[in-house]
Amino acid sequence: MTTLELARACYRDIDLYAPDRSPCAIDLSDNTNLWGIPPAAELAIRQAPIATVTRYPSLYAPTLKRALADYAGVEPDTVVTGCGSDDVLDSAIRAFAEPGDRIAYPDPSFAMIPIFARMNGLEPVAVPLSQSFDVDADAFLATDARVIYLCSPNNPTGNVMSAEAIERIIANTSGVVILDAAYSEFGGPAEMHRWTEIALRSGRTLISRTMSKAFGLAGLRVGYGIASPALAAEVEKSRGPYKVNAIAERAAVTALREDVAWVNEHVALAIRNRELLSTALATLGLAPLPSASNFVLVPVHNAAETGRRMRQAGVAVRPFPGLPHIGDALRISVGPWEMMETCIDVLGKALAAND
Ligand code: PMP
C-alpha cells in the first residue's frame, strides 16, 4: 500500500491551498485591515498574564461569545466561535452534511469552499453567478444540495447578493444555508444586520463572520457564526473544544468592548478609499466592478503576468485568471491612500509593459 493509499480517498485529489504569500513591501492580496491592529487589542496582547499562554484556554470561548453577541445584537446562545471563519465554515459543512452529500456554491466565490467540501467527503457543485454576479435562486434550488453556501459581499467580485434571491433560497431549500458575511462591515449597517434577523427566524441558516477583516486580527484567527441556538450547538459539536486560543480570545474580547469606534472609523476610511481607488483605476482606462467590500476587482489583460510584474515592483495583488463573464482580473485590497497611490502607479507601469 502506498502512502497515498493510506489517506482517505477524498483527500487524494486535494492540493494544499497555496496562493503566493511570499513577503512583499505592500501586500494588497488578502483583504485584511491595512491600517493595523486596534489599539486596545494591542495593549491586551502586550499585557497578557503568563497563564494566558501556560494554561489551556476556555473550552468554547464563552466570554468571546458574549462580547460577539453584544456586538451583533443577538443572544450568546446563537453564537459559535472558531479558529477563523474558515473553521466555522468547515465545521458547519461537517455538521450538516454526510459524506457523499452535495454542497452548492456560487462561481466565482470564496476559493476554500470546494476544498472544505472535499475535505469532508462532499460533492462540490459550482453554480454560475449571473452576468451581474448575482445569485440565481432557481439554479441553486435545482441542485437539491444538502448545504447551500452563499457569500455577500461576495469574494472576489465585491458585490452584495440580492436579498430576494437569498430569502427565496432559504424559504425553499430542505437543507441548510450558510451565508458568508466576512466583509459585511464594508457593506454598511443594513448589510451587517439584515442577515442575522433572517438567520435567527429561519432556523436553517448560519451566518459566518470574522474578526480577520474589519477588526484587523487575521493572525489571531477568530471567526464566528450566528444561527438559531439549535443550529449553533451542532456547529459547536462539530468544531470541538479549545479552538480559540487564549491570547486570541483576550484580544478579540477587548477589541469588541473597546475598539469598535476605531474599527468603524477605519471601515469608513476603507469605503472612502475604495471609491477613490475605483475612480483612479477608471482614469487608467480600466473598468473596476462596483464593490461593497474592502477590495476592488478590476478586469485586466493577462492578470497573472500583470500581478507578477506588480509583485516584482513591491506591490502584491491577487490575480484571478479566466473569471466567468469578465475574463482575467486583479483583486486589490483597499488600505491607506499612500498604499493605493503606489499600487496605481505600479499597476499603470505593469500594464504599459504588457502592451
Ligand atoms: N470567507 C471569505 C469570503 C473570505 O474571503 C475569507 C478570507 N479570505 C474567509 C471567509 C476566511 O477568513 P478567516 O478564516 O480569516 O475568518
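Residues numbered from 1 in each chain as written. Predicted model: local features only at pLDDT ≥ 70, side-chain atom pairs only at ≥ 80, totals over all residues. Heavy atoms only, no water.

### A word on the overall build of the chain
In plain terms, the rule: Only DSSP runs of H or I reaching four residues or more are called helices, and only runs of E reaching two or more are called strands; each is numbered from the N terminus. Between the two quantities, the radius of gyration covers C-alpha atoms and the globule rule is 2.2 Å times the number of residues to the power 0.38. Note on contacts: a residue pair is in contact if any heavy atoms of the two residues lie within 4.5 Å. The Shrake-Rupley method, run with a 1.4 Å probe, gives the accessible areas here. Residue values count only the displayed protein chains as cover.
For the chain, the count of helices and strands is 14 helices and 12 strands. Relative to the compact-globule value of 20 Å for 355 residues, the chain shows a C-alpha radius of gyration of 20 Å, a close match. Summarising its shape, the C-alpha atoms of the chain cover approximately 55 × 50 × 50 Å along the three principal directions. Taking the intrachain contacts of the chain between residues at least 6 apart in sequence as the baseline, contacts between residues at least 24 apart amount to 75%. Here the chain displays about 15,200 Å² of accessible surface, and carbon together with sulfur accounts for 55% of that area.

### A short note on the packing of helix 8 (residues 163–172) against helix 9 (residues 189–202)
Using the following cut-off: Axis angles are defined between N-to-C directions and span 0 to 180 degrees, where every axis is a line fitted to C-alpha atoms and, for a helix, only to the segment in contact. Each angle is binned into one of four classes, with values under 35 degrees roughly parallel, values over 145 roughly antiparallel, values of 65 to 115 roughly perpendicular, and all other values oblique. Each crossing is labelled by how the near helix is turned from the far one, with a counterclockwise turn of less than a right angle marking it left-handed and a clockwise turn marking it right-handed. Each residue is assigned to one class: nonpolar for Ala, Val, Leu, Ile, Met, Phe, Trp, Tyr, Cys and Pro, charged for Asp, Glu, Lys and Arg, and polar for all the others, Gly among them.
Between helix 8 and helix 9, the least distance of the axes is 11 Å, while the angle of their chain directions is 15 degrees. It follows from the interaxial angle that helix 8 and helix 9 lie roughly parallel. Relative to helix 9, the crossing made by helix 8 is right-handed. Residues Ala-163, Ile-166, Glu-167 and Ile-170 of helix 8 pack against Arg-194, Trp-195, Ile-198 and Ser-202 of helix 9. Per-class residue counts for the contact of helix 8 with helix 9 are 5 nonpolar, 1 polar and 2 charged.

### Describing helix 5 (residues 84–96)
Just so we agree on the cut-off: By definition here, a helix of n residues has an expected span of 1.5 Å times n minus one. With a 1.4 Å probe rolled over the protein chains alone, any residue whose accessible area is under 20% of its type maximum counts as buried; one over 50% counts as exposed, and the rest are partly exposed.
When the terminal C-alpha atoms of helix 5 are compared, their 19 Å separation across 13 residues agrees well with the 18 Å that a helix rising 1.5 Å per residue should span. Within helix 5, 10 of the 13 residues are buried, which leaves it mostly tucked inside the rest of the structure. If you check which residues of helix 5 are buried, you get Gly-84, Ser-85, Asp-87, Val-88, Leu-89, Asp-90, Ser-91, Ala-92, Ile-93 and Phe-96.

### Observations regarding the site of the ligand
Formally: Distances are taken per atom, and a residue is near a molecule or strand as soon as one of its heavy atoms is within 4 Å of it. The definition of a polar contact used here is a pair of N or O atoms within 3.5 Å, where within protein one atom must be able to donate a hydrogen and the other to accept one, and adjacent residues in sequence count solely through side-chain atom pairs.
If you check the shell around the ligand, you find 13 residues, and the closest are Ser-85, Asp-180, Thr-210, Ser-212 and Arg-221. One of the side-chain N or O atoms of Ser-212 is found 2.6 Å from an oxygen atom in the ligand. In this structure, a nitrogen atom belonging to the ligand sits 3.1 Å away from a side-chain N or O atom of Lys-213. Taken by itself the ligand offers 400 Å² of open surface, and the protein chains cover 90% of this. Per element, the largest residue contribution to the shell around the ligand is 3 residues, and it comes from helix 5. For the shell around the ligand, the class distribution of residues is 4 nonpolar, 5 polar and 4 charged.

### A few points about the nonpolar core
Here is the rule: Residues enter a nonpolar core if they are buried and are Ala, Val, Leu, Ile, Met, Phe, Trp, Tyr or Cys, with the set joined through side-chain atoms within 4.5 Å.
Counting residues in hydrophobic clusters, the biggest one holds 64 residues, and the most contacted among them are Leu-64, Leu-150 and Met-211. Residue contributions to this core peak at 7 residues, all from helix 11 (residues 246–258). Among the nonpolar cores identified, the runner-up in size contains 26 residues, and Ile-14, Phe-110, Ile-113 and Ile-115 belong to it.

### A few points about the packing of helix 5 against helix 6 (residues 112–119)
Axis separation between helix 5 and helix 6 bottoms out at 9 Å; the angle between their running directions is 45 degrees. When the interaxial angle is binned, helix 5 and helix 6 end up oblique. Where helix 5 crosses over helix 6, the handedness of that crossing is right-handed. Residues Asp-86, Leu-89, Asp-90 and Ile-93 of helix 5 form the contact with helix 6, whose own contacting residues are Met-112, Ile-113, Phe-116 and Met-119.

### As for the packing of aromatic side chains
Defined as follows: Each aromatic pair joins two rings of Phe, Tyr and Trp (for Trp, the six-membered one) with centres within 6.5 Å, and gets the label stacked for planes under 30 degrees apart, edge-to-face for over 60, and tilted for any other angle. A ring is considered to have a charge above it if a Lys NZ or an Arg CZ atom is located within 6 Å of its centre and within 35 degrees of its normal.
What the rule picks out here adds up to 3 aromatic pairs. Ring centres of Tyr-183 and Phe-295 lie 5.0 Å apart, and the angle between their planes is 80 degrees; on these two criteria the pair is classed as edge-to-face. Residue Tyr-183 is found in the loop between strand 6 (176–180) and helix 9, and its partner Phe-295 is found in strand 9 (residues 295–299); the two are separated by 112 residues along the sequence. Per residue, the accessibility class of Tyr-183 equals that of Phe-295, and both read buried. Against the face of Phe-295 rests Arg-331, its NZ or CZ located 5.8 Å from the ring centre.

### Remarks on unusual backbone geometry
Geometrically, the link from Asp-107 to Pro-108 is a cis peptide bond, its omega value of 5 degrees lying close to zero. Counting through the fold element by element, Pro-108 comes out in the loop between strand 3 (102–107) and helix 6. The peptide bond linking Ser-152 to Pro-153 adopts the cis configuration, its omega dihedral lying at -5 degrees. On the secondary structure map, Pro-153 appears in the loop between strand 5 (147–151) and helix 8. A positive phi is found at Asp-144, a non-glycine position, where the angle reads about 55 degrees. For Asp-144, a relative accessible area of 55% translates into the label exposed. For Tyr-242, which is not glycine, the phi dihedral falls at a positive 65 degrees. As for its position among the elements, Tyr-242 is in the loop between helix 10 (229–239) and helix 11. Judged by relative accessible area, which is 41%, Tyr-242 ranks as partly exposed.

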